[in-house]
Amino acid sequence: MNAIQQLGAWTLGSVARWGRAAIFLFQTLASCAWVVRRIDLLMQQIFSVGVLTLLIILVSGLFVGMVLGLQGYNTLVDFGAETSLGMVVALTLTRELGPVLTALLFAGRAGSALTAEIGLMKATEQLAAMEMMAVDPINRVVAPRFLAGVIAMPLLAAMFAGVGVFGGYLVGVSLLGVDAGVYWSGMQEGVDLYADILNGVIKSVVFGFVVAWIAVFEGYDATPTSEGVSRATTRTVVNASLSILALDFILTSLMFK
Amino acid sequence: MSKPLLEINDVHFSFGANEVYRALNLRVHKGQVAAIIGPSGCGKSTLLNFIGGRLYPNSGSVICDGIDVTSLRRNALFEFRKRLGMMFQASALLTDFSVFDNVAFPVRQNTNLSETLIRHLVLMKLEMVGLRGARDLMPAELSGGMARRVALARAIAMDPLLVMYDEPFTGLDPISMGVIVKLIREVNDTLGMTSLVVTHDVREACTIADYMYLLGDGKVIGEGNPDRMRESNVPDVRQFMNGLPDGPVRYHYPAPDYADDIIGGPV
Amino acid sequence: MKNKGILEFWVGLFVVAGVVALGVLAFKVAGFSGGEFTQTYKITARFGNVGGLSTKAPVNLAGVRIGRVTAIRIDPDHYNAVVEMSIDSRYDNLPMDTSASILTQGLLGSQFVGLNPGGDEIHLEDGDEVMLTQSAVVLEQLISQMLFSKAEGGE
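A brief report on the enclosed structure follows. (Residues numbered from 1 in each chain as written. Chains lettered and ligands numbered in written order. Predicted model: local features only at pLDDT ≥ 70, side-chain atom pairs only at ≥ 80, totals over all residues. Heavy atoms only, no water.)

## A word on the interface of chain A and chain C
Frequently, the measure chosen for interface size is the accessible area that the parts lose on association. Our working definition: Every residue pair with non-hydrogen atoms within 4.5 Å of one another is taken to be in contact. The term buried area means the drop in 1.4 Å probe accessible area that two parts suffer when joined, counted for both and summed. Between Lys or Arg on one side and Asp or Glu on the other, a salt bridge is scored when a side-chain nitrogen of the former is within 4 Å of a carboxyl oxygen of the latter. Between N or O atoms, a polar contact is any pair within 3.5 Å; within protein, one atom must be a potential hydrogen donor and the other a potential acceptor, and residues adjacent in sequence are included only when both atoms are from side chains.
Contacts between chain A and chain C engage 28 residues on the former and 23 residues on the latter. Buried area between chain A and chain C, summed over both chains or domains, comes out near 2300 Å², and the portion from carbon and sulfur atoms is 81%. Counting the contacts that link chain A with chain C gives one salt bridge. The closest approach of N and O atoms between Asp192(A) and Arg68(C), which form a salt bridge, is 3.5 Å. Linking chain A to chain C there are one residue pair in polar contact (both at pLDDT 80 or more).

In structure tokens, the structure reads:
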């Protein structure tokens, strides 16, 4: 009896939360038109969401590319197919690891910061104060951060993949002696602009949208206490990561039949 | 007397199963400093949220300057809020902005004034609260009392009709408290505003208020000027004004009989 | 707010770096040479068996890629497969009696369509069908044929 009741309460709670999140998304999207008139706010957010995430993305991208080069070479050389190394590295990065790992890092680095910032603004009544000063916090605070996330994500993912390909080159060509021309031509042979690169970009836009949405919503919906904000931050990272991985499966199955 | 600036008529409100207001009525006249006092948790801040249109009562009307706030649509509500000032308990300064930018914030957002004019205006308000020299500090560098004064300067930046103060005296040292008390009165009289102070500090409320309302049990249980309130014979009013631990508001949270509770033990 | 210039510089740099990275992916990684598929015309060919041919597989002429397979479907009346290909318009002078065969890159590689030009004066136009075709070589069939012929020869 009690368990059934709890299940019911949980269900109702979740439905209400989804409803709030959806309404919130619509409000945010409607506010994006306002942000266009305040490019300075968007700039500031692209800086804190994008530029400050750049270093971790570049370093991770380089190492992931190097690991792919090493692992790919060791596997392929058994079949005498190390000429395909460039293709393997590039396909892995553009289709999967670029968008997915960037989104995961982005959720951890920028998403959590967004949630904490907005949650703290709520806890210290800054959002309420803005409302009372006839300033809509969704325009002023939420929408620029959301938009910055959506814009920054594909750029970061592209840089991740670009640096990764270079990392693979470093290991494969400079270290293990695959021919440079073969590395690039194999890559160009196997990677298609639309099927691979464009789909990868679409993935990263979707991930950016979802991570930014989750991050600003969790912050805005946080219980306005320090504990509430810390829980919201954790929820952002967990929910965003799970959503990324689940969405990646769905998108992959739709894109690469 | 003329028509009141603020009228709260027969407001009912419940928060889930918890009934916060049943039949709340109060009036604030232009130029007055009105104090709303009452025990913690009796929903005083909720009242300010009604006036600012951040919450809606279940029934009843909130009329400010002839406008029924409960009926306003979004855009009209934001237009209306430009004429309200509010000082929050936690000051609620925007942490990314300096003192100057905080006070300038509502002006920049809501008007098209030139930067020169904004500068004059902001410095004037900061001078009024005695913090013109602190204009470049960040909120994190301010003491609690100073932050409260900046918040006050920001609340009056747009020269509002009505300024609302949410617990302006809480958590301040005696000097800062004295400063705030003096400022609220001064600002109200020199700038010709109307003030609504929500507080549980009876002594300070008595010093500044022209008129007081004591809330309890979801409605006004006593009202009048400070002298009348102090001399009231109504038991609820006496208990609160004099800070008596036991009275109509019980010291004990409702519980079964003590003796029964101890003898009975856990079943 | 204070160092607005520096902030804008970094954001600008960030956007440029992102766009450059996208460009690298498109041109260097995918080998996109621009305009490759802007002007194409479609031809079809019927095969008894397409083997492992898939859409987007290359269409080669003398070993050079001149187009891609865009669709593979079944003709329900004749029970054979219709392969639709888009060919770069620069090569619009393929003779009418060109033959198409499904070939394999290397021994176990992916399959592609190879075109073999004939000598006809009339050229293939958009929507035309290549009449001469050779189906995919299915390795299993090849092996079983070989085994059977061996078995027969051994008697």
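On we go from here.
## Description of a nonpolar patch on the surface
All names here are of chain C. Inclusion rule: The patches described consist of residues with a relative accessible area above 30% and no salt bridge, like charges being joined within 9 Å and nonpolar side chains (Val, Leu, Ile, Met, Phe, Trp, Tyr) within 5 Å. Where accessible areas are quoted, they stem from the Shrake-Rupley method and a 1.4 Å probe; at the residue level, only the protein chains shown are allowed to cover. In this description a helix means any DSSP run of H or I spanning at least four residues, a strand means any run of E spanning at least two, and both kinds are numbered starting from the N terminus. With a 1.4 Å probe rolled over the protein chains alone, any residue whose accessible area is under 20% of its type maximum counts as buried; one over 50% counts as exposed, and the rest are partly exposed.
The grouping of Val-137, Leu-139, Leu-142, Ile-143, Met-146 and Leu-147 at the surface amounts to a nonpolar patch, some 540 Å² of accessible area in total. Tracing the sequence through the fold places Met-146 in helix H2 (residues 139–154). By relative accessible area, Met-146 is classed as partly exposed at 46%.

## Re the interface of chain A and chain B
Rules: Residue classes follow a fixed rule: Ala, Val, Leu, Ile, Met, Phe, Trp, Tyr, Cys and Pro count as nonpolar, while Asp, Glu, Lys and Arg count as charged, and any other residue, Gly among them, counts as polar.
Chain A puts 17 residues into the contact, and the matching count from chain B is 23 residues. Here chain A meets chain B over a buried area of about 1800 Å², counting both sides, of which 59% is carbon and sulfur. The interface formed by chain A and chain B includes two salt bridges. For the pair chain A and chain B, the number of links is five residue pairs in polar contact (both at pLDDT 80 or more). Among the elements of the structure, helix H4 (126–132) and helix H5 (137–175) of chain A are those that each provide at least two residues to the side of chain A that touches chain B. With six residues, the top contributor of residues to the side of chain A that touches chain B is H4(A). The residue inventory of the side of chain A that touches chain B, partitioned by class, reads eight nonpolar, two polar and seven charged.

## Concerning the pairing of strand E6 (residues 111–116) of chain C
Residue and element names in this part refer to chain C. This is how the line gets drawn: A pair of strands is treated as paired once DSSP finds two or more bridges between them.
Burial analysis of E6 places five of its six residues in the buried class, the great majority of the element. For strand E2 (residues 58–61) and E6, the ladder comprises three bridges, and the chain directions are parallel. Within E6, the position partnered with Val-59 by the bridge is Val-113.

## Some points on the packing of helix H1 (residues 2–36) of chain A against H5(A)
Residues and elements named next belong to chain A. The test is simple: Fitted lines through C-alpha atoms serve as axes, helices being fitted only where they are in contact, and the angles separating the N-to-C directions of these axes extend from 0 to 180 degrees. For classification purposes, an angle smaller than 35 degrees is called roughly parallel, one larger than 145 roughly antiparallel, one from 65 to 115 roughly perpendicular, and anything else oblique.
In the contact formed by H1 and H5, the axes pass within 8 Å of each other and the chain directions differ by 90 degrees. The orientation of H1 with respect to H5, classified from their angle, is roughly perpendicular. Where H1 approaches H5, its residues Phe-24, Leu-25, Gln-27, Thr-28, Leu-29, Ser-31, Cys-32, Trp-34 and Val-35 are matched on the opposing element by Ile-138, Asn-139, Arg-140, Val-142, Ala-143, Pro-144, Phe-146 and Leu-147. Of the residues contributing to the contact of H1 with H5, the split by class is twelve nonpolar, four polar and one charged.

## Focus on helix H3 (residues 99–110) of chain B
Counting buried residues along H3(B), ten of its twelve residues qualify, which places the element largely inside the surrounding structure. Buried residues belonging to H3(B) abut H4 and H5 of chain A together with helix H4 (115–128) and helix H5 (144–155) of chain B.

## Some details on the packing of aromatic side chains
Aromatic ring pairs are reported here in terms of the distance separating the ring centres and the angle at which the planes meet. Keep this limit in mind: Note on aromatic pairs: the rings of Phe, Tyr and Trp (six-membered ring only in Trp) are paired at centre separations within 6.5 Å, and the planes decide the class, stacked below 30 degrees, edge-to-face beyond 60, tilted for the rest. Sitting over a ring, as applied to charges here, requires NZ of Lys or CZ of Arg to be within 6 Å of the ring centre and within 35 degrees of the ring normal.
With the rule as written, the count across this model stands at twelve aromatic pairs over all chains. For the ring pair Phe24(A) and Tyr220(A), a centre distance of 4.9 Å and an interplane angle of 35 degrees mean the geometry is tilted. Within this pair, whereas Phe24(A) is found in helix H1, its partner Tyr220(A) is found in helix H7 (residues 193–221), the two being separated by 196 residues in sequence. Note on Phe24(A): relative accessible area 3%, which makes it buried. Overall, Tyr220(A) belongs to the partly exposed group, its relative accessible area being 22%. Within the aromatic cluster, the residues linked to one another by ring pairs are Phe13(B), Phe15(B), Tyr21(B) and Phe50(B). For Arg81(B), the ring lying beneath its charged end belongs to Phe78(B), and the centroid distance is 5.1 Å.

## Here's the deal with the side chain of Asp75(C)
Residue and element names in this part refer to chain C. Inspection of the secondary structure assignment puts Asp-75 in strand E3 (residues 64–75). Of the residues examined, Asp-75 reaches a relative accessible area of 10% and is grouped as buried. There is a polar contact of 2.5 Å between the side chain of Asp-75 and the side chain of Arg-46. One polar contact links Asp-75 to His-78, side chain to side chain, over a distance of 2.9 Å.

So yeah, pure geometry; function would need other evidence.
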